[in-house]
Amino acid sequence: MQDRQGMSRRRLIRTAGLGGAIGLGAIWAGGAALAASTAPAPARPSGGIDPATRFDLAAPGTALFEGRPLHDATVIQSLAFDNVNKHVYTVQLMAGGRQLPGESAPVSGATRGYRGDLCLTRLDLAGNELGHMYLTGFGHGVQIGAEPVGSSAFLWTEVDAVADDGTNGWGTQLARFRFVDGAVRTPDSPRCVGSVRSPARTVRRAASTRPPVGW
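All of these numbers come straight from a predicted model, not from anything done at the bench.

**Concerning the overall build of the chain**
Here's step 1: The helix and strand tally for the chain stands at three helices and ten strands.
Here's step 2: Each helix (α) and strand (β) of the chain, taken in turn from the N terminus, gives the series α-β-α-β-β-β-α-β-β-β-β-β-β.
Here's step 3: Relative to its full complement of 215 residues, the chain shows a buried share of 43%.
Here's step 4: Looking at the chain alone, contacts between residues at least 24 apart form 57% of all its contacts between residues at least 6 apart.
Here's step 5: Accessible surface, the chain as shown: approximately 11,100 Å² in total, 55% of it carbon and sulfur.

**Notes on the sheet that holds strand β6 (residues 129-135)**
Here's step 1: Taken together, the five strands give an open sheet; going across it, the order is β3-β4-β5-β6-β10, and neighbouring strands pair in mixed fashion. In this open sheet, the two strands that pair with only one neighbour each are β3 (76-82) and β10 (184-185).
Here's step 2: Bridge analysis of β3 against strand β4 (residues 87-93) gives six bridges, and the strand direction is antiparallel. The partner of D82 across the bridge, within β4, is H87.

**What to know about the confidence of the model for the chain**
Here's step 1: The share of residues in the chain with pLDDT of 70 or more is 64%, and the mean pLDDT across the chain is 77.
Here's step 2: Across residues 1-22, where pLDDT falls below 50, the model places 41 contacts with residues more than four positions away in sequence or in other chains.
Here's step 3: Confidence drops under pLDDT 50 across residues 30-39; counting only partners more than four residues distant or on other chains, this segment forms 24 contacts.

**Some remarks on the pattern of salt bridges**
Side chains carrying opposite charge are able to pair once their charged atoms draw close together.
Here's step 1: Applying the stated criterion across every chain, the model contains five salt bridges.
Here's step 2: Across the salt bridge formed by R112 and D117, the nearest N and O atoms sit 3.0 Å from each other. As far as burial versus exposure is concerned, R112 and D117 are alike and both buried.
Here's step 3: The salt bridge partner of E147 is R176, with a shortest N-O separation of 2.8 Å. Of this pair, E147 sits in strand β7 (residues 145-149) while R176 sits in strand β9 (residues 173-178), placing them 29 residues apart in sequence.
Here's step 4: In this structure E147 comes out as buried when scored by relative accessible area, which is 13%.
Here's step 5: Owing to a relative accessible area of 18%, R176 belongs among the buried residues under this scheme.
Here's step 6: One salt-bridge network, in which partners are shared between bridges, spans E103, R112, R115 and D117.

**Description of the pairing of β6**
Here's step 1: Counting buried residues along β6, five of its seven residues qualify, which places the element largely inside the surrounding structure.
Here's step 2: Here strand β5 (residues 118-124) pairs with β6 via six bridges, running antiparallel. Residue L118 lies in a different strand from β6, and its bridge partner there is L135.
Here's step 3: Between β5 and β6, which pair antiparallel in sequence order, lie four residues; one of them, G127, sits at a positive phi of approximately 90 degrees.
Here's step 4: Pairing analysis gives two bridges linking β6 to β10, with the strands arranged parallel. Looking across to β10, one finds that L135 is bridged to R185.

**Topic: the pairing of strand β8 (residues 152-159)**
Here's step 1: Judged by how many residues are buried, β8 sits mostly within the fold: eight of eight residues are covered.
Here's step 2: Relative to β8, β7 is paired through five bridges, and the arrangement is antiparallel. Within β8, the position partnered with A146 by the bridge is L155.
Here's step 3: Taken together, β7 and the strand that follows it, β8, pair antiparallel across an intervening segment of two residues, in which G150 is found at a positive phi of about 65 degrees.
Here's step 4: As paired strands, β8 and β9 are joined by six bridges and run antiparallel to one another. The partner of T157 across the bridge, within β9, is A175.

Scoring rules and cut-offs
- Residues numbered from 1 in each chain as written.
- Predicted model: local features only at pLDDT ≥ 70, side-chain atom pairs only at ≥ 80, totals over all residues.
- Heavy atoms only, no water.
- Helix = DSSP H or I, 4+ residues; strand = E, 2+ residues; numbered from the N terminus.
- Buried < 20%, exposed > 50% of the residue type's maximum accessible area, 1.4 Å probe, protein only.
- Contact = heavy atoms within 4.5 Å.
- Areas by Shrake-Rupley, 256 points an atom, 1.4 Å probe, with all protein chains shown as cover.
- Pairing = 2+ DSSP bridges.
- pLDDT = per-residue confidence, 0-100.
- Salt bridge = Lys/Arg side-chain N within 4 Å of Asp/Glu carboxyl O.

Encoded structure:
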């Protein structure tokens, strides 16, 4: 995730005001993020897919919300918008000291990071928590995608974490699962439907969605 100019995903999040020791700094709306341009849209491509709305890079930006806590007391890794249901999904490494069902004792933050254990939080557009999930053995939360389905969403994430650097678990495959408040999912959970398992395990995979065409 590092380019030639030294811009990393984490640095970009901090630059945009999304970082913070705990929870969210700010999520911005308008400007390059959400404002549509008055410029004419490009011609519709073949296949019936509407062209994406253009951004007005000169429009002012305003904070959608800021200073809102996430479910766990760790820094945000990435986020995704469900524009249909007006939800924001964030993912972070699990906090140390938690003990999930089936675990014999609380687990340290370093072990959570090594295993690739994540916390997924659902928020409304005011930054209020609407629910959470725990994803054990999934990865580092490099990127997630939200696929609206009815009044909820399916999430696309990395899965099958491997700590190739000896410290943090990174996903080697992709998974798709429905958001269920309070649930715990593992790479082997039967509810991880539509998982994309490739014969070649590639460390540090990431997922995203493109709303006009689904995923």
